[in-house]
Amino acid sequence: MLDRRSFVTAGLGAFGAVALSACGSGNTDSDSGSDKKEAKGQVYYLNFKPEQDEQWQELAKVYTDETGVPVTVKTAASGQYETSLKAEMAKSQAPTLFQVNGPVGLASWKDYCYDLDGAEILKGLTNDAFELKGDDGKIKAVAYVVETYGLIYNKDLLKKAGHDASEISDFDSLKKVVEDITKRKDELGFAAFTSAGMDSSDDWRFKTHLANLPIYYEYKDEGITSTDAIKGTYLPQYRNIWDLYINNATCEPGLISTKTADDADAEFVTEQAVFYQNGTWDYANLVDLDSDKLGMLPIYIGAKGEENQGLCAGSENYWCVNKNASEDDINATLEFINWCVTSDTGTKAMCGSEGSMPSGADGMGFVIPFETAMDTGNKLNEIADEYAKSDKVPVDWCFSTMPSEQWKDGVGSALTTYAADQSDANWDALKTAFVDGWATEAAAAKAKSE
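## Quick word on the overall build of the protein chain
A count of helical and extended segments in the protein chain gives 16 helices and 12 strands. Here the protein chain has a C-alpha radius of gyration of 22 Å; the compact-globule value for 450 residues is 22 Å, and the two agree. Referenced to the eigenvectors of the C-alpha coordinate spread, the extents of the protein chain come out at roughly 75 × 50 × 40 Å. A total of 450 residues make up the protein chain; the buried ones form 54% of that total. Sequence-distant contacts, at least 24 apart, represent 75% of the contacts inside the protein chain between residues at least 6 apart. As displayed, the protein chain offers around 18900 Å² of accessible surface, 45% of which is attributable to carbon and sulfur atoms.

## Describing the packing of aromatic side chains
Taken as a whole, this structure holds 30 aromatic pairs when the rule is applied. Ring centres of Tyr-217 and Tyr-234 lie 5.7 Å apart, and the angle between their planes is 40 degrees; on these two criteria the pair is classed as tilted. Linking Tyr-217 in helix H9 (residues 212-222) with Tyr-234 in the loop between H9 and helix H10 (235-246), this pair joins segments that are 17 residues apart in sequence. Taken individually, Tyr-217 and Tyr-234 each receive the classification buried, so the pair is uniform in this respect. Considering the side-chain rings of Trp-281 and Trp-397, the 6.4 Å spacing of their centres and the 85 degrees angle between planes classify their relative orientation as edge-to-face. In this pair, Trp-281 sits in the loop between strand E8 (273-279) and strand E9 (294-297) while Trp-397 sits in the loop between strand E12 (393-395) and helix H15 (405-420), placing the two residues 116 residues apart along the sequence.

## With respect to the side chain of Ser-400
Inspection of the secondary structure assignment puts Ser-400 in the loop between E12 and H15. On the basis of relative accessible area, Ser-400 is assigned to the buried category, the value being 8%. A polar contact is formed between the side chain of Ser-400 and the backbone oxygen of Trp-397, at a distance of 3.4 Å. If sequence neighbours within four positions are ignored, Ser-400 has contacts with Asn-101, Gly-102, Pro-103 and Val-104.

## As for the packing of helix H2 (residues 53-67) against helix H13 (residues 344-351)
Put simply, H2 and H13 touch, their axes get as near as 11 Å, and they point 175 degrees apart. Taken as axis vectors, H2 and H13 run roughly antiparallel relative to one another. Packed against H2, whose contacting residues are Trp-56, Leu-59 and Val-62, the element H13 presents Thr-345, Gly-346, Ala-349 and Met-350 at the interface. Classifying every residue of the contact of H2 with H13 by side-chain character gives 5 nonpolar, 2 polar and no charged.

## Overview of the confidence of the model for the protein chain
In this model, the protein chain carries a mean pLDDT of 90, and residues with pLDDT of at least 70 account for 91%. For the stretch residues 1-36, pLDDT sits under 50, and the model shows 100 contacts to residues farther than four places along the chain or on other chains.

## Quick word on the nonpolar core
In terms of nonpolar packing, the biggest core is built from 79 residues, with Ile-181, Tyr-238, Ile-241, Trp-242, Tyr-245 and Phe-275 touching the most fellow members. Sorting elements by how many residues they give to this core places H10 first, with 7 residues. Of all hydrophobic cores here, the second largest spans 61 residues; its members include Val-43, Leu-59, Cys-320 and Ile-337.

## Some details on the pairing of strand E2 (residues 71-75)
With 5 bridges connecting them, strand E1 (residues 43-47) and E2 associate as parallel partners. Counted as the bridge partner of Asn-47 is Thr-75 from E2. Each parallel crossover has a hand, and the one from E1 via H2 to E2 is right-handed.

## Focus: the packing of H2 against helix H12 (residues 327-342)
Closest axis-to-axis distance for the H2/H12 pair is 12 Å, and the angle between their directions is 115 degrees. In this view, H2 runs roughly perpendicular relative to H12, as classed from their interaxial angle. At the point where H2 passes H12, the crossing takes the right-handed sense. On H12, the residues that touch Trp-56, Leu-59, Val-62, Tyr-63 and Glu-66 of H2 are Ala-332, Glu-335, Phe-336, Trp-339 and Cys-340. Its residues placed into classes, the contact of H2 with H12 shows 8 nonpolar, no polar and 2 charged.

## What to know about the environment of Phe-193
Among the secondary structure elements, Phe-193 is positioned in strand E7 (residues 191-193). Note: C-alpha distance between Phe-193 and Tyr-153 (40 residues apart in sequence) is 9.1 Å. For Phe-193, the residues in contact, after removing those within four places along its chain, are Leu-151, Val-178, Leu-244, Tyr-245, Asn-248, Ala-249, Thr-250, Ala-273 and Phe-275.

## Overview of the environment of Met-374
With respect to the helices and strands, the residue Met-374 is situated in the loop between H13 and helix H14 (379-388). Using a relative accessible area of 16% as the deciding quantity, one classes Met-374 as buried. The spacing of Met-374 and Leu-311 is 63 residues in sequence and 21 Å in space, taken between C-alpha atoms.

Rules behind the numbers
- Counting of residues starts from 1 at the beginning of each chain's written sequence and follows it residue by residue.
- Thresholds applied to this predicted model are a pLDDT of at least 70 for local features of residues and 80 or more for the giving and counting of side-chain atom pairs; totals over whole chains, interfaces and linings are not thresholded and use all residues.
- Heavy atoms from the whole structure form the basis of all side-chain values; hydrogens and water molecules are not counted.
- Numbering of helices and strands runs from the N terminus, with a helix taken as a DSSP run of H or I at least four residues long and a strand as a DSSP run of E at least two residues long.
- For the radius of gyration, the atoms used are the C-alpha atoms, and the globule rule reads 2.2 Å times the number of residues raised to 0.38.
- Burial status follows relative accessibility: with a 1.4 Å probe on protein chains alone, a residue under 20% of its type maximum counts as buried, one over 50% as exposed, and anything between as partly exposed.
- Note on definitions: a residue-residue contact is assigned when non-hydrogen atoms from the two residues lie within 4.5 Å.
- Calculation of accessible area relied on Shrake-Rupley with a 1.4 Å probe; when residues are assessed, cover is drawn exclusively from the protein chains displayed.
- In summary, the pairing rule links any two rings of Phe, Tyr or Trp, Trp by its six-membered ring, whose centres are within 6.5 Å, and it sorts them by plane angle into stacked for under 30 degrees, edge-to-face for over 60 and tilted for everything else.
- Any N or O atom pair separated by 3.5 Å or less is treated as a polar contact, with the protein-specific requirement of one donor-capable and one acceptor-capable atom, and with residues adjacent in sequence counted only for side-chain atom pairs.
- Simply put, an axis is a line fit to the C-alpha atoms, just over the touching stretch for a helix, and the angle between two N-to-C directions goes from 0 to 180 degrees.
- Any angle that falls under 35 degrees is termed roughly parallel, while one over 145 is termed roughly antiparallel, one within 65 to 115 roughly perpendicular, and all others oblique.
- Amino acids are sorted into nonpolar (Ala, Val, Leu, Ile, Met, Phe, Trp, Tyr, Cys and Pro), charged (Asp, Glu, Lys and Arg) and polar (every other residue, Gly among them).
- As a per-residue measure, pLDDT reflects the predictor's confidence and takes values from 0 up to 100.
- To form a nonpolar core, buried Ala, Val, Leu, Ile, Met, Phe, Trp, Tyr and Cys residues must be joined to one another through side-chain atoms within 4.5 Å.
- A strand pair is defined by DSSP finding two or more bridges across the two strands.
- Note on handedness: a clockwise path from strand one over the helix to strand two, with the strands aimed away from the viewer, defines a right-handed crossover.
- Definitions for this section: a left-handed crossing has its near helix turned counterclockwise from the far helix by less than a right angle. A right-handed crossing has that turn clockwise.

Put into structure tokens, the structure is as follows:
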């Protein structure tokens, strides 16, 4: 698990070392007088992030124009990456570059991962915690983006409600502020929370990111980083925060199955709610709101010692190179990803925001865990950086150890059912999905990987 210094070193929101010159691998025009080598191999990247599809398409074209190496980018639909990867890997022209979300994802795809030990891209990595290793001790994947999430809030609305973020340091103080806002929401003209959308576009915020908190605290108590049998020690606290979200929001609890990610964004931007659980990646969707109004707090659930807790920071985006590709394609892929995080063009595109693409379009706004990291221009990243430099302890992204998508879906379904009828019986069904479902899916994943 990463300590606070690891995230500081990763350059969260900070300007890194001067970017190295591009290391393109050739030019197909032998009569140009260039000293570039002849281009060999090609790159096929199956991209995980739909929201960055246009940037990756442009960056691929720029790289091809510069080096002569063909780069194809295909982007999986939201929530369909694993399905798309399985389909593409079965083809004769399979991806040369793909990604896994962490240890569980690596276990499923380890037989396809090229050993990255000694690869150029690792030389600029700020911390070896951003490497994933296989059972053989070899590096199989490397993180290319570090992200942070918590409770984003509107400073102005909180002030209009007569409160300040300094009042909130644990679940009890959060609950006090939230319930006061709810009590006066008609008078104030806004709610405490945006809708907790359980439509498929938005349910990951709760079945994955919110569920990370009870897992994190259980792992911390047990001194472990993964398990085949979760105990559910902090499920009462999970219920605490879920109740707070759904009973103090812009919509009635029974309507959350119809609410989407777009709904939550719109509610926050149009100042219908004070609090919104999301992360640094969502900044581009919030730009219509004055950035000076933005703040971010840790997600408090009522765990002992949470007053010392920071934001949830980590990665579920690890690059893997397909070892079954040809030698030329493997080398071309390794050179491409290294160029992305070392060249001026690549780092500006990955880290920058407004006008950072070669075309003048907005960049990806990533915090990359490499020495070449640049200022992202993202207000939420600046807030995350402040937390990283503080004495607050960041919450690890333990959700990368969740046993399967089926497990997440089971938890999500139980959360939705419980929201409509908040009975103990329905929460017991959530416990079953969380604990028994984990054991079942972990056993199935283990059997599949052996």
